[in-house]
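Chain by chain, the residues run as shown.
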Amino acid sequence: MGKHAVIAIFLPKRYSGSMKIAIVGLPNVGKSTLFNALTRSQVLAANYPFATIEPNVGIVPVPDARLAKLAALYTDPGSGRAPKIVPATVTFVDVAGLVRGASEGQGLGNQFLAHIRECDAVCQVVRAFDDDNVTHVDDRVNPLADIQTINTELILADLQAVDRRLAKVRKDAAQRRLVAELEKARAALDAGELLGSRRDLDTEMLRELQLFTLKPFVFAFNVSEAGLSDAPRRAELAALVSPAPSVVVCAKVEASLSELPPDEASELLRELGQEESGLDALARAGQQALRLQSFLTAGPKEVRAWTIPIGATAPQAAGAIHTDFERGFIRAEVVGYGDLLAAGSLAAARAGGKVRSEGRDYVMRPDDVVEFRFNV
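Conventions and cut-offs
- Residues numbered from 1 in each chain as written.
- Predicted model: local features only at pLDDT ≥ 70, side-chain atom pairs only at ≥ 80, totals over all residues.
- Heavy atoms only, no water.
- Helix = DSSP H or I, 4+ residues; strand = E, 2+ residues; numbered from the N terminus.
- Buried < 20%, exposed > 50% of the residue type's maximum accessible area, 1.4 Å probe, protein only.
- Contact = heavy atoms within 4.5 Å.
- Areas by Shrake-Rupley, 256 points an atom, 1.4 Å probe, with all protein chains shown as cover.
- Axes fitted to C-alpha atoms, helices over the stretch in contact; angles between N-to-C directions.
- Parallel < 35°, antiparallel > 145°, perpendicular 65-115°, else oblique.
- Left-handed = near helix turned anticlockwise from the far one by under 90°.
- Nonpolar A, V, L, I, M, F, W, Y, C, P; charged D, E, K, R; others polar.
- Core = buried A, V, L, I, M, F, W, Y, C linked by side-chain atoms within 4.5 Å.
- Pairing = 2+ DSSP bridges.
- Salt bridge = Lys/Arg side-chain N within 4 Å of Asp/Glu carboxyl O.
- 1 Å grid on protein atoms, 1.4 Å probe; cavity = no way out; pocket = protein on both sides within 12 Å on 5 of 7 lines; lining within 4 Å.
- Points joined across faces, edges and corners; volume = space filled by probe spheres on them.

1. Side note on the overall build of the chain
Within the chain, the secondary structure is distributed over 14 helices and twelve strands. Out of the 376 residues belonging to the chain, those deemed buried represent 50%. Counting only contacts in the chain whose residues sit at least 6 apart along the sequence, the fraction spanning at least 24 positions is 72%. For the chain, the accessible surface area stands at approximately 17,400 Å², while carbon and sulfur atoms represent 50% of it.

Rendered as structure tokens:
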């Protein structure tokens, strides 16, 4: 994706709650159909611009096959009582279609830019299917041009935000460092760059502006059903936005899958030659874009995945559960997911020397199953 690559991540090390991703795109690219499938809801999905007026919010689970296997491990053999499964979640916000000039208030412009500003990441849904019955605002199907249209509007909106802040602080000697960063950011934006591609920016200093182009991006290319099995086309689309994560989905197929029982949905995926649904892939791509991972807790009452940034330490992971856990952290009792399954129980894993005691400097791994020790 060249100068449009988005690589900057500026989430805090202690991160709790679900990731919040804005679904954006031009009108009639399949955003609302995709959102309906994500949330199994019935949001209006009509063949005209601005069918989505208020942002629709849906919280969906991140697929994680490990949770069911851990739950089976902790199921009471006598009563058959299984622990509750609580997956990590993604919050998707379906934002109305943006159009050229949105940064100047065209279409429903700034009203919807504000909804994007509140999210952690941006998912651009990009039309990559031909259908004469579905209009395109520019009367052509060109994924790269559509991406550039959206990026341009976000860049122009960020330029406005940077200029407003510069006007307030430029003459303040105490804000000299901030002024330098703002001017650097302005020069990049003026050159058509997304700020996430710039390694030389102090993202912490710019955080309070909530700039769109500093957010991680993920791309969902909406193709026809036949496009799902077109490997060269899939590779071509991924190359348009690399190194940003992307997925190829067929919104119509995802809508059908969302209405089927799990076994029938799996059968349909097999018939289409797909290993997983596009929505499962999208949830994972969201984690990848935000550089997040999940660690696990397990017991007879609950098996749960917790979302933390890659690189988080054990105390920071404990804080994702409760701030008291981080404040009073003593140690983390850690066992690898694979080791726990192989042992058959936590007691057996402990007897086999697979349970480790880790301290404050321990950096969490995605397959860690953890029990925290802490002082109240």
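2. Overview of the packing of helix α4 (residues 143–169) against helix α5 (residues 176–190)
With their axes 10 Å apart at the nearest point, α4 and α5 run at an angle of 155° to one another. One element, α4, and the other, α5, form an angle in the roughly antiparallel class. Note that α4 runs across α5; the crossing there is left-handed. The residues of α5 that touch α4, namely those facing I155, D158, L159, V162, D163, R165, L166 and V169, are L178, V179, L182, E183, R186, L189 and D190. Of the residues that constitute the contact of α4 with α5, the class distribution is nine nonpolar, no polar and six charged.

3. Regarding the nonpolar core
Ranked by size, the top nonpolar core spans 93 residues in total, and within it F92, I116 and L282 carry the most contacts. F92 has contacts with I21, I23, F35, L38, N56, V57, G58, V60 and L282, leaving out every residue within four places of it along the chain.

4. Some remarks on the sheet that holds strand β1 (residues 19–24)
Picture the strands of a sheet paired through backbone hydrogen bonds; they go either parallel or antiparallel. Sheet architecture is open: six strands sit in the order β2-β4-β1-β5-β6-β7, paired in mixed fashion. Pairing within the sheet leaves two strands with one partner each, and these edge strands are β2 (56–61) and β7 (246–249). Looking at each pair of strands side by side, their axes are set apart by 25° on average, direction ignored. As defined by bridge partners, β1 adjoins strand β5 (residues 121–127) across four bridges and the pair is classed as parallel.

5. What to know about the pairing of strand β8 (residues 292–298)
Among the seven residues of β8, six are classified as buried, and the element is accordingly described as predominantly covered. Strand direction decides the pairing type here: β8 and strand β9 (residues 302–309), joined by seven bridges, are antiparallel. Following the sheet pairing, F295 is matched in β9 by W306. Hairpin geometry of β8 and β9 is characterised by an intervening segment of three residues between the two adjacent antiparallel strands.

6. Section: helix α1 (residues 31–39)
Counting buried positions along α1 gives seven out of nine residues, so the element sits mostly inside the fold. Among all positions of α1, only K31, S32, L34, F35, N36, A37 and L38 are buried.

7. Some points on the pairing of β1
Burial analysis of β1 places five of its six residues in the buried class, which makes it a mostly covered element. In the sheet, β1 pairs with strand β4 (residues 89–94) via five bridges, with the strands oriented parallel. Of the residues in β4, the one forming a bridge with I21 is F92.

8. A closer look at the pattern of salt bridges
A full pass over the atoms with the stated rule returns 22 salt bridges. Taking the shortest distance from any N to any O, the salt bridge between D367 and R66 comes out at 2.7 Å. With a gap of 301 residues between them, D367 in the loop between β11 (356–358) and β12 (368–374) and R66 in helix α2 (residues 65–73) connect regions that are remote in the sequence. Given the relative accessible area of 15%, R66 is considered buried. Between D190 and R186 there is a salt bridge, with its nearest N and O atoms 3.9 Å apart.

9. Structural notes on unusual backbone geometry
The omega angle of the peptide bond from S242 to P243 is 10°, so this bond is cis rather than trans. Examined against the element boundaries, P243 turns out to sit in the loop between α7 (231–241) and β7. A positive phi angle, near 65°, is found at N28, a position not held by glycine. You can call N28 buried: its relative accessible area is 13%. Its identity is not glycine, yet Q210 carries a phi of approximately 50°, on the positive side. Summarising the element assignment, Q210 is placed in the loop between α6 (203–206) and β6 (217–222).

10. Brief notes about empty space enclosed by the protein
One pass over the full model with this rule turns up one cavity of 30 Å³ or more. Estimates place the volume of the largest cavity at around 30 Å³. Taken together, G25, L26, V29, Q124, V125, V126, R127, D146 and I150 make up the full set of residues lining the largest cavity. Among the elements of the structure, β5 and α4 are those that each provide at least two residues to the lining of the largest cavity. A class-by-class count of the residues in the lining of the largest cavity yields five nonpolar, two polar and two charged.

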